[in-house]
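Topology and contacts: notes
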Amino acid sequence: MNLLLNELKIFSRENFWVYIILLIALTIVYITWKWNIIEIILLFFANFLWNIFIMVMQKNYTDWNNKIWSIYQITSNVIFTWVSLYWYIYLDQAQYIVWQLAYILASVKNLVFFNFDKELKILNEKSFIPLNLLLFVIFIKYFGVEFYSILQAVWFCLITTWLVSIIDKNRYWLNVVWIWFLTFWSLLWVISSFNLWNLDWIALWYFALTWTVFIYYLKLIKKYI
């Protein structure tokens, strides 16, 4: 716990601008939508922690601090699993919870390997093929055969397979594209809801926070070219 707190302190000092964006986004949410403010704060804070942990994970991954980044990876996945469950139960949004099983398994493998020197050989790119095929079918059955849903499903299959199979700069580039993908589509939804005079606060804070992650990844791009 002390290690995590120390890492968060270092990150906060070097990336204070993230908190400014948090306050701005939360203010916009509060004045543009009638909602339970406690619910908004709790969900915003959970998603904020998830994004912070991803950025700290990437920082330690870049510095080859394998034990630390593997801890942040599984922690961020646990947080996002809870947020995804809320979205599914209360908001009927299942696009994120479907693939959390693959993300959790990949993070468990890294955690065990780097912190306990044991390799879970059963978790590999070959075993993830049938798992991702199953998740793909579930995803398409829920959302239908549409270009966006198929593109999103294929991308989730690719990134979860990479996470469990390799540790190199390809992970960085896949994450960059993935974060850009999430940011871009969240922005489109914010614009669409704004044009209808019904601003979607969920899409707004999701865009604001993933945008901060995207900016942070771009700051590291020189190390991966």
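Further up the page is the structure itself.
Residues numbered from 1 in each chain as written. Predicted model: local features only at pLDDT ≥ 70, side-chain atom pairs only at ≥ 80, totals over all residues. Heavy atoms only, no water.

**Overview of the overall build of the chain**
- Regarding its fold elements, the chain presents nine helices and zero strands.
- Listed N to C, the secondary structure of the chain is α-α-α-α-α-α-α-α-α in terms of helices and strands.
- The 225 residues of the chain split such that 49% are buried.
- Partitioning the intrachain contacts of the chain with sequence separation of at least 6 by distance along the chain shows that 71% fall at a separation of at least 24. (Helix = DSSP H or I, 4+ residues; strand = E, 2+ residues; numbered from the N terminus. Buried < 20%, exposed > 50% of the residue type's maximum accessible area, 1.4 Å probe, protein only. Contact = heavy atoms within 4.5 Å.)

**Observations concerning the nonpolar core**
- Judged by nonpolar contacts, the single largest core of 53 residues is most densely connected at Ile52, Tyr72, Trp99, Tyr103, Phe128, Trp178 and Tyr217.
- Of all elements in the fold, only α3 (37-62), α4 (66-91), α5 (100-116), α6 (125-143), α7 (147-165), α8 (169-195) and α9 (201-219) reach the threshold of two or more residues within this core.
- Among the elements that make up this core, the one with the highest residue count is α3 (ten residues).
- Apart from the residues lying within four places of it in its own chain, the contact partners of Phe128 are Ala102, Leu105, Ala106, Leu123, Thr160, Thr161 and Val164. (Core = buried A, V, L, I, M, F, W, Y, C linked by side-chain atoms within 4.5 Å.)

**A few points about the environment of Val56**
- When you line up the elements, Val56 lands in helix α3.
- Under the relative-accessibility criterion, Val56 is labelled buried at 0%.
- In sequence terms Val56 and Gln73 are 17 residues apart; their C-alpha atoms lie 9.2 Å from each other.

**Concerning α6**
- The terminal C-alpha atoms of α6, which comprises 19 residues, lie 26 Å apart, in line with the 27 Å expected from a rise of 1.5 Å per residue.
- Every buried residue of α6 is accounted for by Phe128, Leu131, Asn132, Leu135, Phe139 and Ile140.
- Taking the backbone nitrogen of Lys126 as reference, a side-chain oxygen 2.9 Å away marks Asn124 as the first, capping residue of α6.
- Positioned one or two residues after α6, Gly144 has a phi angle of 90°, which is positive. (Expected span 1.5 Å × (residues − 1). Polar contact = N/O pair within 3.5 Å; in protein donor to acceptor, adjacent residues only side chain to side chain.)

**Some remarks on the packing of aromatic side chains**
- Throughout the structure, instances matching the rule amount to four aromatic pairs.
- Ring geometry for Phe53 against Tyr72: centres 5.2 Å apart, planes inclined by 85°, an arrangement best described as edge-to-face. Taken together, the residues Phe53 in helix α3 and Tyr72 in helix α4 connect sequence positions 19 residues apart. For the pair shown, Phe53 and Tyr72 are each scored as buried. (Phe/Tyr/Trp six-rings, centres within 6.5 Å; stacked < 30°, edge-to-face > 60°.)

**Topic: the side chain of Gln100**
- Here Gln100 is to be found in helix α5.
- The exposure class assigned to Gln100 is buried, which follows from its relative accessible area of 5%.
- A polar contact is formed between the side chain of Gln100 and the backbone oxygen of Asn77, at a distance of 3.3 Å.
- Apart from the residues within four sequence positions on either side, Gln100 is in contact with Asn77, Phe80, Thr81 and Ser84.

**Quick word on the packing of α5 against α6**
- Packing of α5 against α6 leaves a shortest axis separation of 10 Å and a crossing angle of 155°. Our classification of the angle between α5 and α6 gives roughly antiparallel. Each of Leu101, Ala102, Leu105 and Ala106 in α5 lies in contact with α6, whose residues at this interface are Phe128, Leu131, Asn132 and Leu135.
- Partitioned by chemical class, the residues of the contact of α5 with α6 number seven nonpolar, one polar and no charged. (Axes fitted to C-alpha atoms, helices over the stretch in contact; angles between N-to-C directions. Parallel < 35°, antiparallel > 145°, perpendicular 65-115°, else oblique. Nonpolar A, V, L, I, M, F, W, Y, C, P; charged D, E, K, R; others polar.)

**Thoughts on unusual backbone geometry**
- Phi is positive for Asp117, which is not a glycine, with a value near 55°.
- Tracing the chain through its elements places Asp117 in the loop between α5 and α6.

**Describing the environment of Tyr88**
- Note that Tyr88 resides in helix α4.
- Taking the C-alpha atoms as reference points, Tyr88 and Val98, separated by ten residues in sequence, lie 9.6 Å from one another.
- Other than its neighbours up to four places away in sequence, Tyr88 contacts Gln93, Ala94 and Ile97.

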